[in-house]
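Structural description and commentary
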Amino acid sequence: TGNVDEAVISGKEALQSLRKLGDDLGTLHVSELLLRAYIAAADLSSAIRLGPRVGSHAERVGIREVRIRAIVLTGVALLRKGRPDAARRCFREIPVGALSPMTGAFMWRLGEGLATGLNGGNDVSRCRSNWVAEIKRMPESRQLMALEALTQLGLPPRKRCQQISADGRTFVGNELMGWTD
């Protein structure tokens, strides 16, 4: 999984370098990665501050998918920070297949996290099945990487269980459980 603190430091350094070079698109994409690193590192205040700036930057350069992901990631940080009402404004029920698979998976995973707080069993299941459907649209070689990205969001429910196989017992989180259902 790597060291998220190092990812934050590297992201900040790369962002400074790209700004000095005047690379607007590079700056945008690194800003999004830094936003994800802040969330993985649980620096939610920084993520909440950076998210809207990434969204505005993406809108200015006309990259809709990055703008949507910035909104979703801001919602993730807000939910984890204990602000579900603000996070709810970042979620939209967008049909599976209408966005890129990763953007759709992020959106539906946020929806699952929000539904968990509302004790919405049917909504939790529906959102989970939708993020799984989005990931299944990806090439098989990218699916496990996408599951790891969803896991790094740290959204509820944070259930863990033991998976028993011929290789022994391993602990798995909610995202892998949803994937194998």
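Scroll up to find the structure this text is about.
The structure contained in this document is the topic of the report that follows.

This part covers the packing of aromatic side chains. Evaluation of the coordinates by the stated rule reveals 1 aromatic pair. For the pair Phe91 and Trp108, a centre-to-centre distance of 5.6 Å together with 75° between the ring planes defines the contact as edge-to-face. With a gap of 17 residues between them, Phe91 in the loop between helix H5 (84-88) and helix H6 (101-117) and Trp108 in helix H6 connect regions that are remote in the sequence. Judged by relative accessible area, which is 15%, Phe91 ranks as buried. A relative accessible area of 3% means that Trp108 is categorised as buried.

Our next topic: the nonpolar core. With 49 residues, the main nonpolar core has Met102, Phe106, Leu110, Trp131, Ile135, Leu150 and Leu153 as its most contacted residues. When contributions to this core are tallied by element, the ones reaching two or more residues are helix H1 (4-21), helix H2 (24-40), helix H3 (44-61), helix H4 (64-80), H5, H6, helix H7 (121-136) and helix H8 (140-152). Of all the elements, H4 adds the most residues to this core, at 9 residues. Those residues in contact with Leu110, other than ones at most four positions away along the chain, are Val72, Gly75, Val76, Leu79, Ala87, Cys90, Phe91 and Leu155.

Let us look at the side chain of Glu134. When you line up the elements, Glu134 lands in helix H7. Setting aside its immediate chain neighbours within four residues, Glu134 contacts Pro95, Val96, Gly97, Leu99, Ser100, Pro101, Gly104, Ala105 and Trp108.

Moving on to the pattern of salt bridges. In this structure the tally under the stated criterion is 10 salt bridges. With a shortest N-O distance of 4.0 Å, Arg69 and Glu65 are connected by a salt bridge. Linking Arg69 with Glu65, this pair stays in helix H4, spanning 4 residues, or about one helical turn. Measuring nitrogen to oxygen at the nearest pair gives 3.0 Å for the salt bridge that ties Glu93 to Arg126. Of the two residues, Glu93 is situated in the loop between H5 and H6 and Arg126 in helix H7; the sequence distance between them amounts to 33 residues. Accessibility expressed as a relative area gives 30% for Arg126, which makes it partly exposed.

What follows deals with H6. With 17 residues, H6 ought to run about 24 Å at 1.5 Å a step, and its terminal C-alpha atoms sit 25 Å apart, in line with that. Taking burial as the measure, the 17 residues of H6 include 15 buried ones, the bulk of the element.

For Leu155, the position within the fold is in the loop between H8 and strand E1 (160-165). Sequence separation between Leu155 and Leu79 is 76 residues, and the spatial gap between their C-alpha atoms is 7.9 Å. Discounting residues that sit within four places of it in the chain, Leu155 has contacts with Val76, Leu79, Arg80, Arg109 and Leu110.

So, about the packing of H1 against H2. Here H1 crosses H2 at 160°, and the two axes come no closer than 9 Å. Between H1 and H2, the crossing angle belongs to the class labelled roughly antiparallel. Seen along the crossing, H1 lies across H2 with a hand that is left-handed. Touching Val4, Ala7, Val8, Gly11, Lys12, Ala14, Leu15, Leu18 and Arg19 of H1 are Gly26, Thr27, Val30, Ser31, Leu34, Ala37, Tyr38 and Ala40, all from H2. When its residues are assigned to classes, the contact of H1 with H2 shows 11 nonpolar, 4 polar and 2 charged.

Rules of the game
- Residues numbered from 1 in each chain as written.
- Predicted model: local features only at pLDDT ≥ 70, side-chain atom pairs only at ≥ 80, totals over all residues.
- Heavy atoms only, no water.
- Phe/Tyr/Trp six-rings, centres within 6.5 Å; stacked < 30°, edge-to-face > 60°.
- Helix = DSSP H or I, 4+ residues; strand = E, 2+ residues; numbered from the N terminus.
- Buried < 20%, exposed > 50% of the residue type's maximum accessible area, 1.4 Å probe, protein only.
- Core = buried A, V, L, I, M, F, W, Y, C linked by side-chain atoms within 4.5 Å.
- Contact = heavy atoms within 4.5 Å.
- Salt bridge = Lys/Arg side-chain N within 4 Å of Asp/Glu carboxyl O.
- Expected span 1.5 Å × (residues − 1).
- Axes fitted to C-alpha atoms, helices over the stretch in contact; angles between N-to-C directions.
- Parallel < 35°, antiparallel > 145°, perpendicular 65-115°, else oblique.
- Left-handed = near helix turned anticlockwise from the far one by under 90°.
- Nonpolar A, V, L, I, M, F, W, Y, C, P; charged D, E, K, R; others polar.

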